[in-house]
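Tertiary structure, described
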Amino acid sequence: MGYIKEPKGVDFVVEPHVVTNEDKKIISDAIAHYKATGKFKRVPKPKKARQTTKKKVKK
């Protein structure tokens, strides 16, 4: 892994990712399925909360 230099006036912040119990179960099931069959299991994409944004109004 290389060294990343921060540009002046910019701070890179890495926040921890919270893994829920449901996510842990999905990951565990996928690993168990791969070990048993040697094939990848299709995992549903997690539902993300939609962020509301204000629409720009043309004048």
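Below, the structure is looked at part by part. (Residues numbered from 1 in each chain as written. Predicted model: local features only at pLDDT ≥ 70, side-chain atom pairs only at ≥ 80, totals over all residues. Heavy atoms only, no water.)

Check the secondary structure of the chain and you find one helix and zero strands. Each of the 59 residues in the chain was classed as buried or not, and the buried ones make up 0%. When the accessible surface of the chain is split by element, carbon and sulfur atoms take 57% of a total near 7,300 Å². (Helix = DSSP H or I, 4+ residues; strand = E, 2+ residues; numbered from the N terminus. Buried < 20%, exposed > 50% of the residue type's maximum accessible area, 1.4 Å probe, protein only. Areas by Shrake-Rupley, 256 points an atom, 1.4 Å probe, with all protein chains shown as cover.)

Here we take up the pattern of salt bridges. Oppositely charged side chains can form a pair if their charged atoms are brought close together. Here the structure, examined in full by the defined rule, presents one salt bridge. Between Asp29 and Lys25 there is a salt bridge, and its shortest N-O distance comes to 3.2 Å. A residue pair is termed a helical-turn pair when its members lie 3 or 4 positions apart in one helix, as Asp29 and Lys25 do in helix H1 (residues 21-37) at four residues. (Salt bridge = Lys/Arg side-chain N within 4 Å of Asp/Glu carboxyl O.)

Relative to the 24 Å expected for 17 residues at 1.5 Å per residue, H1 spans 24 Å between its end C-alpha atoms, a close match to the ideal helical length. Looking one or two residues past H1, Gly38 carries a phi angle of roughly 80 degrees, positive in sign. (Expected span 1.5 Å × (residues − 1).)

A few words on the environment of Arg42. Structurally, Arg42 is set in the segment after H1. In this structure the C-alpha to C-alpha distance between Arg42 and Ala30, which are twelve residues apart in sequence, comes to 8.1 Å.

Together, Ile4, Val10 and Phe12 make up an exposed nonpolar region whose accessible area comes to about 300 Å². Its place among the elements puts Val10 in the segment before H1. Exposure remark for Val10: the relative accessible area of 36% places this residue in the partly exposed category. (Patch = residues over 30% accessible without salt bridge, like charges linked within 9 Å, V, L, I, M, F, W, Y side chains within 5 Å.)

This part is about the packing of aromatic side chains. Per the counting criterion, the structure on display carries one aromatic pair. Centre to centre, the rings of Tyr34 and Phe40 are 5.1 Å apart; their planes meet at 25 degrees, and the pair counts as stacked. Under the relative-accessibility criterion, Tyr34 is labelled partly exposed at 41%. Among the residues examined, Phe40 registers a relative accessible area of 74% and is labelled exposed. (Phe/Tyr/Trp six-rings, centres within 6.5 Å; stacked < 30°, edge-to-face > 60°.)

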